[in-house]
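Observations on the model geometry
What follows is the residue order along each chain.
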Amino acid sequence: MTRTPDGLSFLPLGGTGEIGMNFNLYRLTQNGHETWLAIDCGIGFSGNDTPEAEVLMPDPAFIAERAAQLCGLVITHAHEDHLGAVAHLWPYLRCPVYATPFAAAVLRRKLGEAHLAHQVKIHVIRPSTRFEVGPFDLQFVSVTHSVAEAQAIAIRTPHGMVVHTGDWKLDEQPLVGPLTDLDTFRALGDEGVLAMVCDSTNALKEGKSQSEAEVRTGLTDLIATLEGRVAVTCFASNVARVESIAKAAQASGRAVMIVGRSLRNLEVAARECGYFSDLPPFLTEQDARDVEDDNLLMIITGSQGEPRSALSRIASDTHPNISLGQGDTVIYSSRMIPGNEQAVMAVQDNLTRRGVTVLTDKDAMVHTSGHATRDDIRRLYEIVRPTYSVPTHGEWRHLTAHAALAREVGAIPVLLEDGDLLNLSPGEVKVIDTAPTGRLALDGGRLLPMTGGVLAARRKMLFNGMVIASFAVDDEGYVIGEPKISAPGLLEADDPESVRISEEFADAIDVIPDELRQDDTAFRDAAKTALRRALGRKLQKRPLVDVHLLRV
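Residues numbered from 1 in each chain as written. Predicted model: local features only at pLDDT ≥ 70, side-chain atom pairs only at ≥ 80, totals over all residues. Heavy atoms only, no water.

**Quick notes on the sheet that holds strand β4 (residues 33–41)**
Defined as follows: Here the rule is simple: two strands pair whenever DSSP picks up at least two bridges between them. Per the convention used, a helix needs a DSSP run of H or I reaching at least four residues, while a strand needs a run of E reaching at least two, with both numbered from the N terminus. An axis is simply a line fitted to the C-alpha atoms; with a helix, the fit covers only the stretch in contact. Between two such axes, the angle follows the N-to-C directions and lies from 0 to 180 degrees. By the convention used here, residues are in contact when the closest approach between their heavy atoms is within 4.5 Å.
Strand order across the open sheet formed by eight strands is β9-β8-β7-β4-β3-β1-β23-β24, with mixed pairing between neighbours. The open sheet terminates on both sides in strands that have one partner only, identified here as β9 (122–124) and β24 (430–434). Taking each pair of neighbouring strands and ignoring which way they run, the sheet shows an average axis angle of 25°. In the sheet, strand β7 (residues 70–74) pairs with strand β8 (residues 97–99) via two bridges, with the strands oriented parallel. Paired with L73 across the strands is V97, a residue of β8. Taken strand by strand, helix α3 (residues 86–93) contacts β3 (23–30), β4, β7 and β8, and its axis lies near 170° from that of β7. Sitting on the sheet, helix α4 (residues 101–113) touches β8 and β9, and the angle it makes with β9 is about 155°.

Pasting the structure below:
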């Protein structure tokens, strides 16, 4: 990166141009000294284009090299795509974290599971509070979203103010938490806002946002008509939705059981922060054994078709304690995240095959988005009146629709790709440099680069298979016995083609020049080339190949 004069810059490293993985950086340069501020640090879930990985997160390499200048990480809210990567990436950042009580409660449990609870300093900031992080003068502004205590952030600097909205919507009856604080946004607009970095997720959706109160009514009316076991799946972090489901169950005389670790963690965090105060403790799977089917409602994780989730296991009849079948109902009180359609439909198909009735928001009013629609976005711009608009958090079609809407209401839009360093002040607002970006995949307990050798090999194996050849040679390099070939996922052991390849491979290594036979590396490379030739003639594929050479 080239040096820039004193000023304010914005750098998205994740979340611009795709859903999830929000990771944003602001740079304040004063007297030649750079200070960085991070906002959000989230994960994303892989789609059909990345079958070799399940959980993705931004590569923090750029800011890790500047960790000494990173004054803090501020979390806007407790959704996975905004704080889910903290426990994995904090060792690269090693900075204090700032979050509201609910987000902090959720984050502490994640850090505890990662054995980082005693290393990460979490500053708990009350909603709607003004506070300082290094040279940045920050102010939380309460917004309505599908999680408790969501906050926008006003960032005041000597070079101007930026409003970073996070995820938000306008809802006149959010049920849990306050309304979006339009009075404070108006006051910020009166003070003067240089730029607004704003959520674009629903920038294509016309009209006003639907209220969570409508969902509660819809769930209550629907559940009252159902018999047998009823299960509802939703995002585990949506406190208002879980409360709506529980109250709808109560209205129908049903006790509530929660199934899944993330929902259990939500209940603990929510009650710790004063939510669910008028609801009895939810039943566990053991508590619910004696409850009649018509008197029980289950809230279950797995709305996105996650293969190890409770709902996926129930649908495939592999859950140890719960089964659903004829006469039972599963309600999806959630939307499908882009990329998860195939996994969600597979679970729904398995449920239907077992005789379960599956209901979604196409059948009843059981879900509404937590993101601002076009009318919401237009109104916020009219209130805040920023000079510049920086659409973020969405696919490119959402960003461009947002930019057009911002232009209509008088803001100058600037579209960014991840890694674009935007100069905000002083001087012209434009992209002045680029930073390296990338994605890491969570693979068990490891973080692997998506472009690295391990995942590249896995991707190749997924589509083209893998072939392993083994053979032994004597001291002079001549083959002993017959070579063995294994091609899992590509050829059956008794397949005639497998026999043909083995024979061609054996013939090929017999004619490898003598000068290559004394060097194991050269001999192995020549054998790999021979194996590829034997495979390619008939299979018309380029599988990953490996050769094991044993000298005896």
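There is more to say after this.
**Details of the environment of N464**
Worth spelling out the cut-off: The buried label applies to any residue whose accessible area, calculated with a 1.4 Å probe on protein chains only, is under 20% of its type's maximum; exposed applies above 50%, and partly exposed to all values in between.
Within the fold, N464 resides in helix α13 (residues 453–464). Since its relative accessible area comes to 23%, N464 is described here as partly exposed. In this structure the C-alpha to C-alpha distance between N464 and P543, which are 79 residues apart in sequence, comes to 4.5 Å.

**Some words on the side chain of S142**
Note the cut-off: Within 3.5 Å is the distance limit for a polar contact, defined as a pair of N or O atoms, with the added protein rule that one can donate a hydrogen and the other accept it, and that residues adjacent in sequence qualify only through two side-chain atoms.
Note on placement: S142 falls in strand β11 (residues 136–142). Engagement of the side chain of S142 in a polar contact is seen with the side chain of S128, the distance being 2.9 Å. Sequence-distant contacts of S142, defined by excluding residues within four places in its chain, comprise P127, S128, A150, Q151, P178, L179, T180 and D181.

**Quick word on the packing of aromatic side chains**
How we decide: When two rings of Phe, Tyr or Trp (its six-membered ring) have centres within 6.5 Å they constitute a pair, described as stacked for plane angles under 30 degrees, edge-to-face for angles over 60, and tilted for the intermediate range. A ring is considered to have a charge above it if a Lys NZ or an Arg CZ atom is located within 6 Å of its centre and within 35 degrees of its normal.
Scanning the model with the defined rule gives eight aromatic pairs in all. Ring geometry for W36 against F62: centres 5.5 Å apart, planes inclined by 85°, an arrangement best described as edge-to-face. Of this pair, W36 sits in strand β4 while F62 sits in helix α1 (residues 61–64), and the two are 26 residues apart along the sequence. Note on accessibility: W36 and F62 belong to one class, buried. Seen from their ring centres, F471 and F523 are 5.6 Å apart, and the 65° between their planes marks the pair as edge-to-face. Here F471, found in strand β27 (residues 466–473), pairs with F523, found in helix α16 (residues 520–539); they are 52 residues apart in sequence, far enough to count as distant. The pair F471 / F523 is uniform in exposure class, with both members buried. Taken together, the aromatic side chains of Y98, F131 and F140 make up a single cluster linked through ring pairs. Directly above the aromatic system of F282 lies the positively charged group of R271, at a separation of 5.3 Å from the ring centroid.

**Observations regarding the environment of R261**
Relative to the helices and strands, R261 resides in helix α8 (residues 261–272). Overall, R261 belongs to the exposed group, its relative accessible area being 56%. C-alpha of R261 to C-alpha of V431: the two residues are 170 residues apart in sequence and 43 Å apart in space.

**Description of the sheet that holds strand β10 (residues 130–133)**
The strand order across the open sheet built from seven strands is β10-β11-β12-β13-β14-β20-β22, with neighbouring strands paired in mixed fashion. One side of each edge strand has no neighbouring strand; the edge strands of this open sheet are β10 and β22 (412–413). Alignment of strand β13 (residues 160–164) against strand β14 (residues 195–199), held across three bridges, turns out to be parallel. Among the inter-strand pairings, V163 is bridged to a residue of β14, identified as M196. Sitting on the sheet, helix α11 (residues 374–384) touches β13, β14 and β20 (388–392), and the angle it makes with β14 is about 160°. Packed on one face of the sheet, helix α12 (residues 396–408) meets β14, β20 and β22 and runs near 160° to β20.

**Concerning the state of the cysteines**
Counted only if it meets this: The disulfide criterion used throughout: a pair of cysteine sulfur atoms within 2.5 Å.
Taken as a whole and judged by the stated rule, the model has zero disulfides. C234 forms no disulfide, and the closest cysteine sulfur to it belongs to C273, at a distance of 18 Å. With a relative accessible area of 3%, C234 lands in the buried category.

**Notes on a negative patch on the surface**
Quick note on the threshold: Patch rule: a residue counts if its relative accessible area is over 30% and it has no salt bridge; like charges are joined within 9 Å, and nonpolar side chains (Val, Leu, Ile, Met, Phe, Trp, Tyr) within 5 Å. For the accessible areas, the method is Shrake-Rupley and the probe is 1.4 Å, while residue cover comes only from the protein chains on display. By definition here, a salt bridge exists when the distance from a side-chain nitrogen of Lys or Arg to a carboxyl oxygen of Asp or Glu is within 4 Å. Counted charges follow a simple rule, with Lys and Arg positive, Asp and Glu negative, and His plus the chain ends left uncounted. To locate a charge, take atom NZ for lysine, CZ for arginine, CG for aspartate or CD for glutamate.
On the surface, E482, E503, D507 and D510 cluster together into a negatively charged patch. When residues in the negative patch are grouped by element, the largest group, three residues, is from helix α14 (residues 496–510). Tracing the chain through its elements places D510 in helix α14.

**Comments concerning the packing of α11 against α12**
The condition that has to hold: Roughly parallel means an angle under 35 degrees; roughly antiparallel means over 145; roughly perpendicular covers 65 to 115; every other angle is labelled oblique. Helix crossings are classified by the rotation of the near helix relative to the far one: an anticlockwise turn of less than a right angle makes the crossing left-handed, while a clockwise turn makes it right-handed.
Put simply, α11 and α12 touch, their axes get as near as 10 Å, and they point 45° apart. Relative to α12, the element α11 is oriented oblique. Where α11 crosses over α12, the two elements pack in a sense that is right-handed. Contacts between α11 and α12 involve R374, I377, R378 and Y381 from the first element and A401, H402, L405, A406 and E408 from the second.

**Focus on the environment of K169**
You can see K169 is positioned in the loop between β13 and α5 (182–191). Measuring from C-alpha to C-alpha, the distance between K169 and A487 comes to 53 Å, with 318 residues separating the pair along the chain. Beyond its immediate chain neighbours, meaning those up to four positions away, K169 contacts T144, T180, S209, Q210, T368, S369, G370, H371, A372 and D376. Here S369 takes part through its backbone oxygen, which lies 2.8 Å from a polar atom of the side chain of K169.

**Some words on the pairing of β24**
Where strand β23 (residues 420–425) and β24 come together, four bridges link them in antiparallel fashion. From the neighbouring strand, L422 faces β24, where its bridge partner is V431. Counting the residues in the hairpin turn of β23 and β24 gives four residues, including G427, whose phi is positive at 80°.

**Some details on α4**
Working note: α-helix, 3.6 residues per turn, so residues spaced by three or four point in the same direction. Formally: Any helix carries an expected span of 1.5 Å times its number of residues minus one.
For α4, with 13 residues, the first-to-last C-alpha span of 19 Å sits near the 18 Å given by 1.5 Å per residue. Tucked inside the fold, the buried residues of α4 contact α2 (80–83), α3, β8, β9, α7 (239–251) and α8. H115, located one to two residues past α4, shows a positive phi value of around 60°.

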